[in-house]
Amino acid sequence: MQGRDRESKGGLPPLPVPAATLEEQAARKLAQEARDAAVRGVVSIAAMREAVKAQARSLPPLREIARLKRLDARDFAARAALGQPFIMRGLVERWPLYGLGPEALRERHGDLPVRARVGDYIRQPFRADRPMRDMLLRDYLDLEPGRIHGTGEPPPYVGNMELRELNRLCHWPAYFRKMGPPRFWLGPVGTMTPLHCDFDDNIFAQVWGRKRIFLAPPHHDTCLYAREANPVLFGSPFDPEAPDFDAYPLARQAATVSCVVEPGDMLYVPAGWFHQVRALAFSLSSNRWARGMPLALAPEQAARLRRA
């Protein structure tokens with residue numbers, strides 16, 4: 001997105017500006033593909049996506065999400081190489097942020113500028129011009145329940161935000177050689193991110209509250225009518241919570257599995273796995289995406305994809 005490295009007045013990055021022409025849109029896409037490939041050390045993002053889907057086709061059907069104790073980096077890598085999601089306990093509970101409730105967050109960090117998704121952001125989740133509302137964190141936390149839930153639209157959602165002041169309150173394990181910055185997700189019951197997949201390995205920490213997450217494997221993209229938002233992000237119009245098989249008949253063939261992440265859980269979502277996330281209570285979550293070769297790819301696959 002344009003301008004993500006520049007901060008606007010108030011400490012928030014400027015909103016992205018949509019491309020003015022189809023030619024500009026195509027040029028931006030090519031430039032982003034090149035940047036994404038360079039960051040991940042691969043020759044082609046498209047080839048990496050196909051390798052991820054090919055690997056997933058060899059997996060047995062996933063019936064439930066495994067729940068494990070805390071893993072060290074070596075055991076995590078071995079488990080992640082199997083290519084399926086899993087949940088770990090014993091990490092997030094040690095974070096200072098875990099013991100900091102909403103009132104303390106408001107008192108200590110209420111001056112932080114945040115940007116909330118507003119309106120029907122669920123039906124237009126990846127549009128550059130979707131409606132946003134800038135405010136201070138304390139003002140967001142002070143929204144009255146009636147104002148949040150009384151409009152018929154999804155409640156405002158502070159999602160996918162960099163809040164650097166909170167980073168020191170999170171102790172991330174060194175599971176990846178290179179990771180993107182922590183992103184924070186804050187909102188009441190009903191806030192959600194629709195079904196989508198990222199072609200980066202992802203660790204997702206549930207700090208407060210509970211969330212229900214639906215997952216589906218990468219190679220079911222056609223069944224889920226996936227559409228490209230950018231080279232490493234694909235969205236699906238299918239809602240596994242309220243399936244409309246008349247509109248999306250191929251989705252009957254998609255293998256979805258769900259889990260509930262509890263406070264203190266850390267979920268590993270392998271690159272390319274579709275996921276839909278809904279808050280079941282007022283929640284604070286944080287995640288980080290790896291910036292490298294997906295761990296599920298075998299060494300020979302990875303070698304073919306690497307840049308010279």
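Digging into the sheet that holds strand S6 (residues 183–187)
Consideration 1: In space, the seven strands of this open sheet follow the order S1-S2-S13-S8-S15-S6-S5, with mixed pairing throughout. Pairing within the sheet leaves two strands with one partner each, and these edge strands are strand S1 (66–68) and strand S5 (158–161). Going from strand to strand, the sheet's axes swing by 20° on average, the running direction of each strand aside.
Consideration 2: Sheet analysis places strand S8 (residues 202–208) next to strand S15 (residues 283–289), joined by six bridges and oriented antiparallel. Each residue of the ladder has a partner; that of Trp-208, found in S15, is Leu-284.

Structural notes on helix H2 (residues 45–57)
Consideration 1: With 13 residues, H2 should reach 18 Å at 1.5 Å per residue; the first-to-last C-alpha distance of 19 Å fits that figure.
Consideration 2: Of all the residues in H2, the buried ones are Ile-45, Met-48, Arg-49, Ala-51, Val-52, Lys-53, Gln-55 and Ala-56.
Consideration 3: Contact partners of the buried residues in H2: helix H1 (22–40), strand S10 (227–230), strand S11 (233–235) and helix H7 (299–305).

As for the pairing of strand S14 (residues 274–279)
Consideration 1: Burial runs high along S14: five of the six residues are buried.
Consideration 2: The sheet contact formed by strand S7 (residues 192–198) and S14 spans four bridges and is antiparallel. Note on S14: the bridge partner recorded for Cys-197 is Phe-274.
Consideration 3: Sheet topology places strand S9 (residues 211–216) next to S14; six bridges connect them, and they run antiparallel. Opposite Ile-213, over in S14, you have Val-277 as the bridge partner.

Re the pairing of S7
Consideration 1: Most of S7 sits inside the fold, with seven of its seven residues counted as buried.
Consideration 2: Of the strand pairs in this sheet, S7 and S11 are connected by three bridges, and their pairing is antiparallel. Counterpart to Cys-197 in the pairing with S11 is Phe-234.

Looking at the sheet that holds S10
Consideration 1: One open sheet holds the six strands; their spatial order is S10-S11-S7-S14-S9-S12, and the pairing between them is antiparallel. The open sheet has two edge strands with one neighbour each: S10 and strand S12 (257–261). Across the sheet, the axes of successive neighbouring strands diverge by a mean angle of 30°, strand direction being ignored.

Description of the side chain of Gln-55
Consideration 1: In this structure, Gln-55 sits in helix H2.
Consideration 2: Residue Gln-55 is classed as buried on the basis of its relative accessible area, which comes to 12%.
Consideration 3: For Gln-55, the contacting residues outside a window of four places in its chain are Ala-81, Leu-82, Gly-83, Ala-296, Leu-297 and Gln-301.

Here's the deal with unusual backbone geometry
Consideration 1: The backbone of Asn-160 shows a phi angle near 60°, a positive value even though the residue is not glycine.
Consideration 2: Within the chain, Tyr-225 stands out as a residue other than glycine whose phi angle is a positive 55°.
Consideration 3: In this fold, Tyr-225 is placed in the loop between S9 and S10.
Consideration 4: Under the relative-accessibility criterion, Tyr-225 is labelled partly exposed at 23%.

Cut-off values and rules
- Residues numbered from 1 in each chain as written.
- Predicted model: local features only at pLDDT ≥ 70, side-chain atom pairs only at ≥ 80, totals over all residues.
- Heavy atoms only, no water.
- Pairing = 2+ DSSP bridges.
- Helix = DSSP H or I, 4+ residues; strand = E, 2+ residues; numbered from the N terminus.
- Axes fitted to C-alpha atoms, helices over the stretch in contact; angles between N-to-C directions.
- Expected span 1.5 Å × (residues − 1).
- Buried < 20%, exposed > 50% of the residue type's maximum accessible area, 1.4 Å probe, protein only.
- Contact = heavy atoms within 4.5 Å.

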